[in-house]
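# Remarks on the overall topology
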Amino acid sequence: MKFGPLPVRDAAGAVLAHALAAGDRRFRKAHRLTDADVEFLAANGVRDVVVAKLSPDDLDEDAAATSIAGAMRFAGIATKAATTGRVNLHAASAGVFTVDKVLVDRLNAIDPAITLATVAAYRTVEKGDMVATVKIIPFAVDRALVERAKGLLAASEVFAVHAFRPRTVGLIQTVLPLVKESVLAKTARITAARLSHTHGTIGEEVRTAHETEPVAAAIERLSAANDMVIVFGASALCDFDDVIPAAIRKAGGEVLRAGMPVDPGNLLVIGRIAGKPVIGAPGCARSPKENGFDWVLDRLMAGLDVTDADIAGMGVGGLLMEIQTRPQPRETARRFEAAGVEAIVLAAGRSSRMGGPNKLMAHFAGEPLIRRTVERALEAAVARTVVVTGHQAARIRDALEGVDAVIVHNPDYASGLAGSLRTGIAAVSEEAAGALILLGDMPAVSSADLDRLVAAFADAGGRATVRATHGGKRGNPVILPRALFSEVARLEGDTGARHLVESGLTPVVDVEIGAGAAIDVDTPEALESAGGVLQD
């Protein structure tokens, strides 16, 4: 292939390197010029064009990408048609992605013209997610290089998406006198939600004393009736012969590994009994935040083995986001604490566009939306969470039973959003530097998203307004600094925080958090699209 300027009269069959306008026509980049195109360009005063001139031994970019993708061996993945020298590959189902890194590296070493990029190994993907892309860099590539790539790829499977399989899980929770019922109930809910993401369900839950004999008996019984067993200990693992590993052995199983180089998640135990996995969950798995337990659970739910060597290899990349409630929080935690942010969850609205049902009581993965929202606030790096009720206040309170949040009531909720904002701000403690305003009906906002907002607020010294965005467009939640609290008191009617954000009274920091910033569930159609189920 030759690349560069060429007299237009000699450019028939060549590929345009840049978009070109002439007369009343526009020619796009990568357009292959025909004889008629050449005549038109010459007639309109174009003398030279920058093109790629292919030789007989070249394949154009789309043909080369299609040929290479067609030679790949993979499973659980679908390909898209080539365009601009690229073939994208997408997950055919939700599952776990595996990849032969050595093979990908060898392919990318053939020539810089040929590239293959993938997502990280063992990443959990959803159906339709792009997992890999073949991209040809120039407009054409030597056919011999393409044949080398195809020969290399024919040797073995390069990647796969291992689909999640429906599995039943036996859940065991051990109990000590100081363990609260609310903690056990929350653990069961969070575990059920984790499993639902991977098409799993809890077959049976058993609670026992934190002693080897009863735990062993429960493991033996539940492993016979389920595909997997998960054990949450009332006390954290402190020795490799502690209660949970000892109970696995007592039940006739083997312990594959106790302890993992992922933080949070260090204290995980993994074993096997009669060919079925048994996981001793670390304490951080009681939280919905990502931790080492997720890495192991997702692989097992996709039918992948997890060995001692697999876990030993998880250290690089295994330092995950800090959970603020752990002992001896590290530097990030101290920065968050210094920000002094409290959350206000607005849950007073009448759901008028729903036509009757209260959207905050809709179920997501079996849990009321308002409880899901408040728990995500509680898991975030905020000092305190306030919930403002109004419409169906008693029902909201019942849905939040056992949740460690302050609930305040806005008797004037029917007058609009301003009253609920005023009620929430009035309940914020005097030492708070800012208030995170979180709408109760935003199911796609995660605790990690909230942490990013809090971190931005801390980086701004607690003096800026922080606003979530999606694709550069303003959204929710927002963090209002204390300097705006007095302005909230002046709001009336259905006026929300947007007026204050755009008032110019404080700097505004936009934080891109993705689609969650724009997804609320005001209508039955929006709620259904977001995965919710309305309740009476």
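Scroll up for the structure.
As a convention, each chain's residues are numbered from 1 in the sequence order in which they are written. In view of the model being predicted, local features appear only for residues whose pLDDT reaches at least 70, and side-chain atom pairs are presented and counted only at 80 or more, with totals across whole chains, interfaces and linings using the full set of residues. Only heavy atoms go into the side-chain values, all of them from the structure, while hydrogens and water stay out.

## Some thoughts on helix α2 (residues 61-71)
Whether a residue is buried, partly exposed or exposed follows from its accessible area with a 1.4 Å probe, protein chains only, as a fraction of its type maximum: under 20%, in between, or over 50%, in that order. Note on conventions: DSSP H or I runs of at least 4 residues are helices, E runs of at least 2 residues are strands, and numbering of each starts at the N terminus. E61, A64, A65, S67, I68, A69 and A71 are the residues of α2 that are buried. Side-chain atoms alone can form a polar contact between residues adjacent in sequence; in general such a contact is a pair of N or O atoms within 3.5 Å, and within protein one must be able to donate a hydrogen while the other accepts it. Where α2 begins, the side chain of D60 points an oxygen toward the backbone nitrogen of D62, at a separation of 3.1 Å.

## Observations concerning the pairing of strand β22 (residues 341-347)
With respect to burial, β22 is a largely interior element, 7 of its 7 residues being buried. Neither face of β22 is open: one carries V341, A343, V345 and A347, the other E342, I344 and L346, and all of them are buried. Here 6 bridges tie β22 to strand β27 (residues 434-439), and the two strands are oriented parallel to one another. The residue bridging L346 from the neighbouring strand is L439, located in β27. Two strands make a pair as long as DSSP finds a minimum of two bridges between them. Pairing of β22 with strand β25 (residues 384-389), which is carried by 6 bridges, proceeds in the parallel orientation.

## Focus: the pattern of salt bridges
Counted as salt bridges are all cases of a side-chain nitrogen of Lys or Arg within 4 Å of a carboxyl oxygen of Asp or Glu. Taken as a whole and judged by the stated rule, the model has 23 salt bridges. Put simply, R189 and E367 hold a salt bridge, and the shortest N to O gap is 3.6 Å. One end of the pair, R189, is in helix α5 (residues 181-197); the other, E367, is in strand β24 (residues 367-368), with 178 residues separating them in the sequence. By relative accessible area, E367 is classed as buried at 13%. Taking the shortest distance from any N to any O, the salt bridge between E375 and R189 comes out at 2.9 Å. Taken together, the residues E375 in helix α11 (residues 369-379) and R189 in helix α5 connect sequence positions 186 residues apart. On the basis of relative accessibility, which here comes to 9%, the residue E375 falls in the buried class. The structure contains a network of salt bridges with shared partners spanning R189, E367, R371 and E375.

## Points about the sheet that holds strand β15 (residues 159-163)
Spatial strand order, β7-β15-β10-β12: 4 strands in an open sheet with mixed pairing. Edge strands, defined here as strands with exactly one partner in the open sheet, are β7 (74-75) and β12 (124-125). Taken together, the 5 bridges between strand β10 (residues 95-99) and β15 define a ladder with antiparallel strand orientation. Paired with T98 across the bridge in β15 is A160.

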